Amino acid sequence: MLHLASQSPRRRQLLEQIGVAFAVLQVDVAEQRAANESPRDYVSRVACDKARAGWASLDHAGDVVVLGADTEVVLDDEVFGKPRDADAAAAMLRRLSGRTHAVISVVWLVGAAGEQCGSCVSQVRFAQLDEPTIAAYVATGEPFGKAGAYAIQGRGAMLVEHLQGSYSGVMGLPVFETARLLRRFGIIPP
Ligand SMILES: Cc1cn([C@H]2C[C@H](O)[C@@H](COP(=O)(O)OP(=O)(O)OP(=O)(O)O)O2)c(=O)[nH]c1=O
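Residues numbered from 1 in each chain as written. Predicted model: local features only at pLDDT ≥ 70, side-chain atom pairs only at ≥ 80, totals over all residues.

1. With respect to the overall build of the chain
As a reminder, the rule being used: Comment: elements are numbered from the N terminus, with helices defined as DSSP H or I runs of at least four residues and strands as E runs of at least two. This radius of gyration counts C-alpha atoms alone. The globule rule is 2.2 Å times how many residues there are, raised to the power 0.38.
Assigned secondary structure in the chain consists of six helices and seven strands. Ordered by position from N to C terminus, the α and β elements of the chain give β-α-β-α-β-β-α-β-β-α-β-α-α. For the chain, whose C-alpha radius of gyration is 17 Å, the value lies close to the compact-globule estimate of 16 Å for 190 residues. Reported as C-alpha extents along the three principal axes, the dimensions of the chain are approximately 55 × 35 × 25 Å.

2. Things to note about the site of the ligand
As a reminder of what qualifies: Only the C-beta atom matters for nearness: placed from the backbone, it must lie within 6 Å of the molecule or strand for the residue to count as near. Basically, the charged four are Asp, Glu, Lys and Arg, the nonpolar ten are Ala, Val, Leu, Ile, Met, Phe, Trp, Tyr, Cys and Pro, and anything else, Gly included, counts as polar.
Close contacts around the ligand come from 25 residues, with Ser-6, Gln-7, Ser-8, Ile-152 and Gly-172 the closest. If you list the elements that add at least two residues to the shell around the ligand, you get helix H1 (9-17), strand S3 (65-75) and helix H5 (167-171). With four residues, S3 is the single largest residue contributor to the shell around the ligand. Residue composition of the shell around the ligand, by class: nine nonpolar, nine polar and seven charged.

3. Description of the nonpolar core
Rules: We call a set of buried Ala, Val, Leu, Ile, Met, Phe, Trp, Tyr and Cys residues a nonpolar core when their C-beta atoms link them within 7 Å. The burial criterion counts other C-beta atoms lying within 10 Å of a residue's C-beta, which is placed from the backbone; the residue is buried at 20 or more, exposed at 12 or fewer, and partly exposed between these limits. C-beta atoms are placed from the backbone for every residue, and two residues are taken to be in contact when these atoms lie within 7 Å.
In terms of nonpolar packing, the biggest core is built from 47 residues, with Ala-47, Ala-51, Val-66, Leu-67, Leu-93 and Trp-108 touching the most fellow members. Not counting the four nearest positions on each side in its chain, Leu-93 is found in contact with Leu-129, Ile-134, Tyr-137, Ala-149 and Tyr-150.

4. A few points about the pairing of strand S6 (residues 114-126)
Operational definition: In this scheme, strands are said to pair when DSSP sees at least two bridges between them.
Bridging between strand S5 (residues 100-111) and S6 involves 12 bridges; their strand directions are antiparallel. Counted as the bridge partner of Val-106 is Ser-119 from S6. Taking the residues that link successive antiparallel strands as the turn, the S5-S6 hairpin has two residues.

Note that all results are geometric; they support no functional claim without further evidence.
Structure (C-alpha cells):
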C-alpha cells in the first residue's frame, strides 16, 4: 500500500491522475536550507525527510511504501519557498519577472526494500510583470502555499512565457519519475 507523506492537494491530484491508490500521512518536517547546501541537495534532503518521517510513523504491517516529495523555485542560487505573506509573495514575483528560473522537484520512496529517489529540474521563463499585474495576482490568494508564489496549474499559467521540463514537476510531483519509482517498488505494474 502506498502512503503519501504530503498535505499538498497537487500531489494528491497528480497521483490520482495516474490511477494509483494511496493513503495520506501527516508529517511535519523542518524546511531550512543549511549553509553550503546546494539547492538540489536541499530539495532532495527535505523530500527524503518527509518520506522517512512517514515511514517512521507507520507500524510496517504489510507491504508499505511511503512517498515524500519537495518542490522549490531557484533563482541565482537562492531558494524561493512558500511566501509567508502578501509582501513576500509580491517580492518573489518581482524577482521572477522577465527572468528564467529553475524549479527543482525531488521524490523519494521509502519501503522495506530500501530508499530510492527521482528528480527533475525544469526551466520556467516569466513574462515581464508590472506592479498592477503582481498586485492583482497576489490578491487572488493563489501564491500562498506555492513555492515561488505562483501556480502554473492556475492563473499563474498567464505569467509563464515558456516551460522547458516537466509540467507535473513544477506542480509538485514529477509524474514520469514518480511512475518509474512506483514500478520499481511494485506499486504499479511494469
Ligand atoms: C511552482 C509551483 C509550486 N506549487 C506548489 C507545489 C507544492 O505543494 C508547493 C511547494 O511546497 P512543498 O514544500 O514542496 O510542499 P507542500 O508544503 O505544499 O506539501 P508537503 O510538504 O506536505 O508535501 O508549491 C504549485 O502548486 N504550482 C507551481 O507552479
